[in-house]
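# Geometric and topological summary
Each chain, letter by letter, is given below.
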Amino acid sequence: MPSLRLILGDQLTRSITSLEDYQDGDLILMAEVKSEATYVKHHKQKILFLFSAMRHFAQALEEDGLNVTYIQYDDPENAGSLGGEIDKVLQKKAFDRLIVTECGEWRLSEEIKTWERRFDLDIEIREDKRFICTLPEFNKWAVERKALRMEYFYREMRQKTGLLMNGDEPAGKQWNFDADNRKKLPKDYSLPVRPEIKQTDIIRSVIKLVEEHFSDHFGNAEMCHYAVTRDGALRELDWFVEEALPNFGDYQDAMATGEDFLHHSKLSAYLNAGLLTAMEVCRAAEEAWEEGRAPLNAVEGFIRQIIGWREYVRGLYWREMPDYAKLNFFGAKKALPDFYWTGDTKMHCISEAVRNTRDHAYAHHIQRLMITGNFALLAGISPDAINEWYLIVYADAYEWVELPNTHGMAIYADGGVMASKPYAASGSYINRMSNYCKSCSYKVTGKTGDDACPFNYLYWNFIEENRDKLEGNGRMGLVFKNLDRKSEDERKDIKQSARKFLQSIA
Ligand code: FAD
Ligand code: DLZ
Ligand code: SF4
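Residues numbered from 1 in each chain as written. Chains lettered and ligands numbered in written order. Predicted model: local features only at pLDDT ≥ 70, side-chain atom pairs only at ≥ 80, totals over all residues. Heavy atoms only, no water.

What follows concerns the overall build of the protein. Along the protein, the regular secondary structure elements total 22 helices and 7 strands. In summary, the protein has a C-alpha radius of gyration of 24 Å against a globular reference of 23 Å for 506 residues, a match within 12%. Entry remark: accessible area of the protein is about 21,900 Å², with carbon and sulfur atoms responsible for 47%. Charge centroids of the protein, computed over 66 positive and 80 negative side chains, lie 6 Å from each other. (Helix = DSSP H or I, 4+ residues; strand = E, 2+ residues; numbered from the N terminus. Rg over C-alpha atoms; globule rule 2.2 N^0.38 Å. Areas by Shrake-Rupley, 256 points an atom, 1.4 Å probe, with all protein chains shown as cover. Lys, Arg positive; Asp, Glu negative; His and termini not counted. Charge placed at Lys NZ, Arg CZ, Asp CG, Glu CD.)

Structural data, given as structure tokens:
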């Protein structure tokens, strides 16, 4: 008997394991459903990107002669959930088994496990081979260690893939060139101009659909800012490698007013949805270095993000879930301030990060980590609220990658499973890496009081309030030494300024 093959919205590649051994008579099911589109109120641009990419992918499969049932969101018969759509298919025709590649979120993976009983059908959950490190391999690496630090994992991935390796030696005799990658963008610097995204008929019809059904979701979707086919994503990759990669390393941590992508690749949405693979992206970068088109600090930095951070957070997510999501090391419980949605704050760095997020369902790593993430950490925003925000607002957000980055890296809610100390910083870090403070109503040099940069007093207030939790951390020694040098009056002012500011945003 034939097989029913379910392809999820972030599995848009011909090499997905659920399509292996496809035979005549099999049916591929893809469905735009309410349960996936609204379990959080995803950014309009994310829905636009994903539904458009799903439709193009289904069309390409059909053009190749595969048998596809594609359910559109506004189909009057739409059952509203993946399970409901499977049920509908099974009412019409019998299948031997349902084949699906393992999904990217705990929530859905638990639901899929219930389908065998629900439909009285064999469910074959296949490995997601898009990743370089298998989950058993990650677990094996993790059990042998006290601390799960990305840097050591990354070295193993370099050896496994052979990327930037000369035999057993790392290219340039150094594993990591991060120290070279912390430059501020020079004044009057010209950034490479990004190519326009071709708007297709499919995109145009999904724009209408999004406006009709998701008008109360966050963000802009007047046009699609993402390529929606594999060919389009490959063009984006080529542009990045030629134009932006050469300076990716130098300005990796830089931020600048009005510059929304800088030298970043903007490839995460494509990688996570299946339009590009991790290895092809890394090989393209490696080739640019081998041919002298991009320097080693840029190429190593870029490859590390993918075979290092990306693989590492995925392994960590599946290893630590479901308990991981419940951790709240600092007991943070404040509500998310409105300006995370409106951008309406005098803090220029935050309004810039929120504007970029609203316009493109994108912000680059340092905006996510050191602006919105750092603020949430210092202000004590509840992990559930901030995790939900990050899952909603980015086109590349799926819980396997969003949660460890937010919960672990940005707000240290996991108490150090992922990072060796909190990524907390005052305004001087933001000033060092950006030109934001020049256009801000607050004074970055001010320590306390109404005009002072809130990041300054919130930083010291955070350190003081969490002394019991952080003082034992060897990497925080200098920070506590500096805090202890402050006078009683200074500490009182810090506390008062922090209290007043936090009340004003409550
Ligand atoms: P580039 O800077 O060009 O980096 C190249 C690639 O490396 C990215 O496309 C991405 O695939 C990978 N990468 C880089 N950093 C990370 C990382 N820390 N973890 C995993 N992959 C990484 N990334 C997501 O894909 N989805 C998310 O939901 C997500 N949420 C985040 C939340 C927070 C609080 C933080 C601090 C980071 C988050 N990241 C997330 C990681 C990173 O910020 C984005 O991958 C990156 O900004 C995407 O832009 P880019 O493609 O231009 O990246
Ligand atoms: C994110 C998303 C959205 C918005 N909509 C759909 C959908 O309608 N149908 C679908 O199959 N997948 C969708 N997705 C992606 C899924 O949420 C994703 O597969 C899971 O979160 C697991 O990563
Ligand atoms: Fe942000 Fe403070 Fe700089 Fe203003 S002064 S942009 S709030 S860091």
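Next up on the list: the environment of Glu280. Topologically, Glu280 is positioned in helix α11 (residues 278-290). Given a relative accessible area of 22%, Glu280 falls into the partly exposed group. Setting aside anything within four residues of it in sequence, one finds Glu280 in contact with Arg230, Leu234, Leu237 and Leu275. At 2.8 Å, the side chain of Glu280 forms a polar contact with the side chain of Arg230. There is a polar contact of 2.8 Å between the side chain of Glu280 and the backbone nitrogen of Thr277. (Buried < 20%, exposed > 50% of the residue type's maximum accessible area, 1.4 Å probe, protein only. Contact = heavy atoms within 4.5 Å. Polar contact = N/O pair within 3.5 Å; in protein donor to acceptor, adjacent residues only side chain to side chain.)

Here Met321 and Pro322 are connected by a cis peptide whose omega angle stands at 5°. Examined against the element boundaries, Pro322 turns out to sit in the loop between α12 (296-320) and α13 (339-342). One non-glycine residue, Leu164, lies in positive phi territory at about 50°. Locating Leu164 in the fold gives a position in the loop between α7 (150-161) and β6 (165-166). Judged by relative accessible area, which is 1%, Leu164 ranks as buried. A positive phi angle, close to 60°, is found at Asp188, a residue other than glycine.

Among the structural elements, Thr200 can be located in the loop between β7 (169-170) and α8 (201-213). Classification of Thr200 by relative accessible area gives buried; the value is 15%. A distance of 3.1 Å separates a polar atom in the side chain of Thr200 from the backbone nitrogen of Ile203. The contacts of Thr200, once residues within four sequence positions are left out, are His56 and Val228.

Looking now at the site of ligand 1. Around ligand 1, the structure places 29 residues, and the nearest of them are His264, Ser265, Lys266, Tyr362 and Asn405. Look at ligand 1: alone it shows 810 Å² of surface, and the protein chains cover 99% of it. When residues of the shell around ligand 1 are traced back to their parent elements, those giving at least two are α10 (268-273), α12, α15 (365-379) and α17 (399-410). Split into classes, the residues belonging to the shell around ligand 1 amount to 15 nonpolar, 9 polar and 5 charged. No fewer than three residues from each of domain 2 (135-320) and domain 3 (339-505) sit in the shell around ligand 1. (Near = heavy atom within 4 Å. Nonpolar A, V, L, I, M, F, W, Y, C, P; charged D, E, K, R; others polar. Domains from an automatic or database assignment.)

Attention now moves to the side chain of Asn461. Looking at the element boundaries, Asn461 is found in helix α19 (residues 454-465). With sequence-adjacent residues up to four places away left out, Asn461 is seen in contact with Ile494, Lys495 and Ala498.

Taken together, 19 residues lie around ligand 2, and Gly9, Asp10, Ala31, Val33 and Glu36 are the ones closest in. With respect to ligand 2, the side chain of Asp10 contributes an N or O atom lying 2.7 Å from an oxygen atom. Measuring from an oxygen atom of ligand 2, one finds a side-chain N or O atom of Glu105 at 3.3 Å. Here ligand 2 loses 100% of its free accessible area of 490 Å² to cover by the protein chains. The set of elements that each furnish at least two residues to the shell around ligand 2 consists of α1 (34-38), α2 (44-63) and α4 (106-113). With 3 residues, α2 is the largest single contributor of residues to the shell around ligand 2. Its residues assigned to classes, the shell around ligand 2 comprises 11 nonpolar, 3 polar and 5 charged.

Before going further, it helps to examine the sheet that holds strand β3 (residues 68-71). The 5 strands are arranged β3-β2-β1-β4-β5 in an open sheet whose pairing can be described as parallel. Strands at the two margins of the open sheet, each flanked by one partner only, are β3 and β5 (122-126). Averaged over all adjacent pairs, the angle separating strand axes in this sheet is 20°, with direction ignored. The pairing of strand β1 (residues 3-6) with strand β4 (residues 97-101) spans 4 bridges and is classified as parallel. When the bridges of β4 are listed, Arg5 appears paired with Ile99. α2 contacts β2 (27-31) and β3 of the sheet and is inclined by roughly 160° relative to β3. (Pairing = 2+ DSSP bridges. Axes fitted to C-alpha atoms, helices over the stretch in contact; angles between N-to-C directions.)

Moving on, we come to the nonpolar core. Counting 159 residues, the largest nonpolar core has Phe49, Leu245, Tyr270, Tyr312 and Phe375 as its most contacted members. Considering each element in turn, this core owes the most residues, 13 residues, to α12. The contact partners of Tyr312, leaving out residues within four places of it in the chain, are Phe138, Trp141, Leu148, Arg149, Met150, Phe153, Val417 and Met418. Formed by 21 residues, the second largest nonpolar core is a distinct cluster that contains Ile71, Val89, Leu98 and Leu121. (Core = buried A, V, L, I, M, F, W, Y, C linked by side-chain atoms within 4.5 Å.)

The full count for this structure, using the stated rule, is 43 salt bridges. Between Arg97 and Glu124 there is a salt bridge, with its nearest N and O atoms 2.6 Å apart. With a gap of 27 residues between them, Arg97 in strand β4 and Glu124 in strand β5 connect regions that are remote in the sequence. Residue Glu124 is classed as partly exposed on the basis of its relative accessible area, which comes to 27%. Residues Arg355 and Asp260 are paired through a salt bridge, measuring 2.8 Å at the closest nitrogen-oxygen approach. Placement of the pair is Arg355 in helix α14 (residues 348-360) and Asp260 in the loop between α9 (230-248) and α10, with a sequence separation of 95 residues. The network of salt bridges with common partners includes Arg5, Asp21, Asp26, Arg97, Glu124 and Arg126. (Salt bridge = Lys/Arg side-chain N within 4 Å of Asp/Glu carboxyl O.)

All right, on to the pairing of β2 then. The buried fraction of β2 amounts to 5 of the 5 residues, a majority that puts the element mostly inside the structure. Neither face of β2 is exposed, since Leu27, Leu29 and Ala31 on one face and Ile28 and Met30 on the opposite face are all buried. Across 3 bridges, the pairing between β1 and β2 is parallel. Bridging from a neighbouring strand, Leu6 pairs with Leu29 of β2. Bridge count between β2 and β3: 4 bridges; the pairing is parallel. The partner of Met30 across the bridge, within β3, is Tyr70.

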